[in-house]
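Summary of the model geometry
Residue-level listing of the chains:
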Amino acid sequence: MHKILEFQAVVLAAGKGSRLPDVGGSVSKCLLPVGPYPVLWYSLNMLEKVGFQETMIVVLDEDKSNILNGLENCPLKIKYELIDIPSEEDWGTANSLKYISNRVTTDLVVVSGDLITNINLNEVLNLYRKHDAALTTLFFNNGPEEWQKLPGLPNKTKPDRDLVCVDEETQRLVFLASASDFEGNVSIPKLLVKKFESINMYSRLLDAHVYVMKKWIINYFIDADRFTSIKGELIPLIVKKQLSKPKNPAEKKGTSEKNVELFKDIFYYAVDQGYESKIRQMSAYNDHKLGSKPVYCNDTLRCYAHIPDKNTFGIRVNTLPSFCLSNKKIISQWENLTGSPLTDRLHPNSEVKTKQIDETCTVGEKSVVNEKTSIKNTFIAANCTIENKVRLTNCIIMNNVTIKEGCVLQDCIVYTGATLEGNCSLQYSIVGPHHLVSASTTGVHQLYAETTDNMITLG
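Here is a short report on the structure shown in this document. Here the structure is a predicted model, which means the values were calculated and not measured.

The rules behind each value
Numbering of residues begins from 1 in every chain and follows the order in which that chain's sequence is written. Selection of residues for local features in this predicted model requires a pLDDT of at least 70, selection of side-chain atom pairs for listing and counting requires 80 or more, and totals for whole chains, interfaces and linings are taken over all residues. Only hydrogens and water are set aside when side-chain values are computed; all heavy atoms of the structure are taken into account. When DSSP finds two or more bridges between a pair of strands, those strands are recorded as paired. Every helix listed is a DSSP run of H or I at least four residues long, and every strand listed is a run of E at least two residues long, numbered separately from the N terminus. Each axis is a line fitted through C-alpha atoms, and for a helix only the stretch in contact is used; angles between axes span 0 to 180 degrees, taken between their N-to-C directions. Two residues qualify as a contact provided that any one of their heavy atoms is within 4.5 Å of a heavy atom in the partner residue. By definition, a salt bridge exists where a carboxyl oxygen of Asp or Glu is found within 4 Å of a side-chain nitrogen of Lys or Arg. Remark: exposure states derive from per-residue accessible area (1.4 Å probe, protein chains only) relative to the maximum for the residue type, with buried under 20%, exposed over 50%, and partly exposed in between.

1. Structural notes on the sheet that holds strand 25 (residues 413-414)
One open sheet holds the 6 strands; their spatial order is 16-19-22-25-28-31, and the pairing between them is parallel. Across the chains shown, the open sheet's two edge strands, defined by having one partner strand only, are strand 16 (362-363) and strand 31 (447-448). Where strand 25 and strand 28 (residues 430-431) come together, 2 bridges link them in parallel fashion. Counterpart to Ile 413 in the pairing with strand 28 is Ile 430.

Below, the structure is given as structure tokens:
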């Protein structure tokens, strides 16, 4: 394994899971179980596979100890430093980067802590290198969502979608906006049509929240001091600024308040060093030549998007549907994700007495699964007790759960510390943390949890 000196990596894992149901209690989003490991492990494993030997992880201070404990028994060689930010503050992703900016000395790879993908990250890094880009992003083109029925109460909330325009020839990212910003027709700047002859517009891509960026971008948004979100504010601005002309240097002279603002314009930071501009002009392959239509397009800001083929597995575990789908697919994708077979589906310190447990299941440390049970496509975390004559199908069972004799669960999520008394029959339901479900309870699409006035709608 070689150490990557040209990039530093940071994993953003301080999200509060606002699009996941509030019934999760104190479970951090990045510690939600997907197969045998927490979500965060998969982002770290991806960085490790391409040669990163260390990374920073931004977490909430209230989650720091739980995350350290959660990663302690995970197979990782990459060294990680947890940097905590105040839990009581409503910080955005840009605020988190600003907080660690004094540690950033090279170009930066930013990765979301809820990402699971089998992509070789070098594909994104090489696109960045090839064009000496200011910014390179990753999107997945996986087609429509594959879930039909979900646990919990019915919900018709539609997922957020982006409008993404990419030049087919060069992979230049030329337009990025939220679909919700447009009520009807979408207007694309004429300059894009003049400069780029074959633009593909996408409306169903998944933003992986993987960004490779120049160090000067960090300097820019720190000085600008007006961004809270990387995805929602910073990235769209940089993409849009590709079509802008830098201010005349002469205009930056003076000490007026107006000129102070000009000093902080993005083009003050986006400057070529040495012979970079001449090298691009002499290159046999560059994407700034304008052909027969001489129109201006700035070339010190170059943004690109890598969109791998549709067979690539990529998912962000930030909603209830993606949480369920990731667990459904994780075993079949395991070797593609990790490069090695999953050898410890059943933890050595677990006690599995039943023979009716299929190869799509995992059982965590110190869990006991008694005989005469049937376990299919189900993930059982640590310190659980599954009594006799229980049937579990397509379920996610978190730590310290007790399921008593005769229970039948299908497509359910049972959170930490919950107990199901005997002979319960639940389908597509959620049991909240430390909740007791009475014996012989029957339910379909139900939520069994302590409710609060500020509970987030499922979905």
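2. Looking at the sheet that holds strand 9 (residues 162-167)
The strand order across the open sheet formed by 3 strands is 10-9-11, and the pairing between neighbours is antiparallel. The sheet terminates laterally at strand 10 (173-178) and strand 11 (199-202), the two strands that pair on one side only. Sheet twist, expressed as the mean angle between neighbouring strand axes with direction ignored, is 10 degrees. One ladder, built from 5 bridges, connects strand 9 with strand 10; its direction is antiparallel. The partner of Val 164 across the bridge, within strand 10, is Leu 176. Across the sheet, helix 7 (residues 230-241) lies against strand 9 and strand 10, angled at about 150 degrees from strand 10, the strand it touches most.

3. Points about the pattern of salt bridges
Under the counting rule described, the total for this entry stands at 14 salt bridges. Between Glu 6 and Arg 129 there is a salt bridge, with its nearest N and O atoms 2.6 Å apart. Of this pair, Glu 6 sits in the segment before strand 1 (7-12) while Arg 129 sits in helix 4 (residues 122-131), and the two are 123 residues apart along the sequence. Given a relative accessible area of 39%, Glu 6 falls into the partly exposed group. A relative accessible area of 32% means that Arg 129 is categorised as partly exposed. A salt bridge links Asp 162 to Lys 231; its shortest N-O distance comes to 2.8 Å. Here the residue Asp 162 occupies a position in strand 9, and Lys 231 occupies one in helix 7, the gap between them amounting to 69 residues.

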